[in-house]
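What follows is the residue order along each chain.
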Amino acid sequence: MNFDINKIRADFPILSRKVNGKPLIYLDNGATTQKPKVVIDAIEDYYTNQNANIHRGVHTLSQEITVAYENARATVQKHLNAEHPHEIIFTKGTSDSINLVASSFGKKYISEGDEIIISAMEHHSNILPWQQVCEEKGAILKVIPINEQGELILSEYKRLLTVKTKIVAITHISNTLGTINPIEEIIALAHVKNIPVLIDGAQAVPHTSVDVQLLSADFYVFSGHKLFGPTGVGILYGKEKWLNELPPYQVGGGVIKTVTFEKTEYADLPLKFEAGTPNIEGAIGLAVAIDYINKIELNKIATYEHNLLVYATEALQKIEGVKIIGTAKNKASVISFVIEGLHPFDIGTILDQLGIAVRTGHHCTQPLMQFYGLQGTVRASFAFYNTQVEIDVFINGIERAIKMLR
Amino acid sequence: MSIEETEQEIIDEFELFDDWMQRYEHLIDLGKSMPLIKDLYKTEDKLIKGCQSSVWMHSELKDGNVFFTADSDAIITKGMVALMIRVLSGHTPEEIMHSKLNFIETIGLTKHLSPTRSNGLLSMIKQMKLDAIAYRSTFEN
Ligand SMILES: Cc1ncc(COP(=O)(O)O)c(C=O)c1O
């Protein structure tokens, strides 16, 4: 398919609304992405025509929706090129997926003195669950440092990998810096020592295609809402071997084969990890979102977004006093910056008055902010429905804010 | 001037502006003229949580009236604090505790400022009232 920006923008109803009297310019895609009409329609259709509980009833509606839900799983499986559909677990989102792995993996494999490796650029969602396991088990959190450009220092990583290391959990793309981490190499290095690796793909899936078999990732997690799908649904991919070995995380309806008051025999994958009635419309909406971006094609999306990134970076650098935080060689379409003498919050407030949505603050990466000695940054994160014209308005907005605030 | 009279004065002032730019510019100017907190009071316990930007607030009791000084690293926030100080500073703990502060809504600040900002504003007001309550209880003892 041709990359037709006007047609693409027309697919997203929210892009035609106004904010504070101005056309919305949505540059907060790192926080969440907007939804194409097909996703919104799928959710409406679910409640209008399909609603029933899955895996439960003999009646037609229940059977139909069970098939649709399992088809959604198969769509995710194909998208990630996972070997089996049951390696795809539906969760509430990235945070939920990481909590699941940290809790279940921690219960079984982590003990006192063991080490868990994360990096200095992790989102709090990929810090706190591991921190908690460490506290419970007396294990130690090790952190791969970064350089000034915001790239992982791999020589340090190699040094941290020891016989004590039980798992490595790293973000694929930094939500604050945009850095694309060399996860192939990170995984390969860990696997030499038989250490499993979890990849936080929350910021990666909207921008790049992911092949979990090629990567040999042990766990790969992401959120539906950052991939143009609904909120409240996410994915945990896990290698069959691991998911079979991990104990259940939450328990309840749907996770069992037999229950007596003495003992429960748990269901096979994937149901073992899907306690209770899941977010059915979320799963279905996510599959529709995946089909949608695959129709546009992720490689075209990546090229288009890279051009936006280069265009915006060059324009920003021309503004006096702007400092871009995160200048890795390999970057996704995320730009964090600060402006000398101005508070990110003031800039964000003025931009909002102009209809421009950006994120300000620490972006749930406080340790990273501490590394740069900053309270926060302004972050513009682009999706494939953004345009150069929007970036021009954004740059004008920043110049206007500087004039007002200085 | 009573609290309500100062509120009315601010409402009249903001009515002169017909667009948001001028309102913000005015707010920024007000921020610049705020009674600044002494550096020695800019400590962790004077920091008001709940704002994206940092606000330090200090109060003192003089002749039965509470006086506030403050600072913020964000200039629009500073303008907000300045407005609050202008309205509440120099009044008795009793008056501060019972102030309704309807002017915030009237001048369109709750609407025009983002929820994160409003939360900061609320924390600010809460802190000022808590200080007032603390002073009143010292009278009672
Ligand atoms: C890198 C990264 N990890 C994890 C998360 C958490 O995702 P969610 O809030 O959908 O669980 C985010 C979202 O901001 C993120 O950017």
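**Student:** Quick question: what am I supposed to make of the sheet that holds strand S9 (residues 219–223) of chain A here?
**Tutor:** Picture the strands of a sheet paired through backbone hydrogen bonds; they go either parallel or antiparallel. Residues and elements named next belong to chain A. Taken in spatial order, the seven strands of this open sheet run S4-S10-S9-S8-S7-S5-S6, and their pairing is mixed. Every interior strand has two partners, whereas the edge strands, strand S4 (88–91) and strand S6 (140–144), have only one. Strand after strand, the sheet turns through a mean of 20 degrees between neighbouring axes, direction not considered. Bridge analysis of strand S5 (residues 115–119) against S6 gives five bridges, and the strand direction is parallel. Looking at the pairing, Ile116 lines up with Leu141 of S6. Running over the sheet, helix H4 (residues 94–109) touches S4, strand S7 (165–171), strand S8 (197–200), S9 and strand S10 (234–238) and is turned about 150 degrees from S9.

**Student:** What am I meant to see in the packing of helix H12 (residues 344–353) of chain A against helix H14 (residues 388–405) of chain A here?
**Tutor:** Each pair of packed helices can be described by the angle between their axes along with the distance between the axes. All names here are of chain A. Packing of H12 against H14 brings their axes to within 9 Å, and their N-to-C directions diverge by 120 degrees. In terms of orientation, H12 lies oblique with respect to H14. Regarding H12 and H14, the two cross each other, and that crossing is right-handed. From H12, Asp346, Ile347, Ile350 and Leu351 reach across to H14, where they touch Phe394, Gly397, Ile398, Ala401, Met404 and Leu405. Class assignment of the residues belonging to the contact of H12 with H14 gives a composition of eight nonpolar, one polar and one charged.

**Student:** Sorry, what's going on with unusual backbone geometry here?
**Tutor:** The phi angle of most residues is negative, glycine excepted, and most peptide bonds adopt the trans form. Residues and elements named next belong to chain A. The peptide bond linking Leu269 to Pro270 adopts the cis configuration, its omega dihedral lying at 0 degrees. Positive phi, normally seen in glycine, also occurs at Phe228, with a value near 65 degrees. Note that Phe228 resides in the loop between S9 and S10.

**Student:** What exactly am I supposed to notice about the site of the ligand here?
**Tutor:** All names here are of chain A. All residues in the neighbourhood of the ligand are listed as Thr94, Ser95, His123, Ser125, Thr171, Asn175, Asp200, Ala202, Gln203, Ser223, His225 and Lys226. In the model, an oxygen atom of the ligand is placed 2.7 Å from a nitrogen or oxygen of the Gln203 side chain. Its free accessible area being 390 Å², the ligand has 85% of it covered by the protein chains. Here the residues of the shell around the ligand are counted per class, giving one nonpolar, nine polar and two charged.

Parameters at a glance
Residues numbered from 1 in each chain as written. Chains lettered and ligands numbered in written order. Predicted model: local features only at pLDDT ≥ 70, side-chain atom pairs only at ≥ 80, totals over all residues. Heavy atoms only, no water. Pairing = 2+ DSSP bridges. Helix = DSSP H or I, 4+ residues; strand = E, 2+ residues; numbered from the N terminus. Axes fitted to C-alpha atoms, helices over the stretch in contact; angles between N-to-C directions. Contact = heavy atoms within 4.5 Å. Parallel < 35°, antiparallel > 145°, perpendicular 65-115°, else oblique. Left-handed = near helix turned anticlockwise from the far one by under 90°. Nonpolar A, V, L, I, M, F, W, Y, C, P; charged D, E, K, R; others polar. Near = heavy atom within 4 Å. Polar contact = N/O pair within 3.5 Å; in protein donor to acceptor, adjacent residues only side chain to side chain. Areas by Shrake-Rupley, 256 points an atom, 1.4 Å probe, with all protein chains shown as cover.

Without other data, these values stay purely geometric and don't point to any function.
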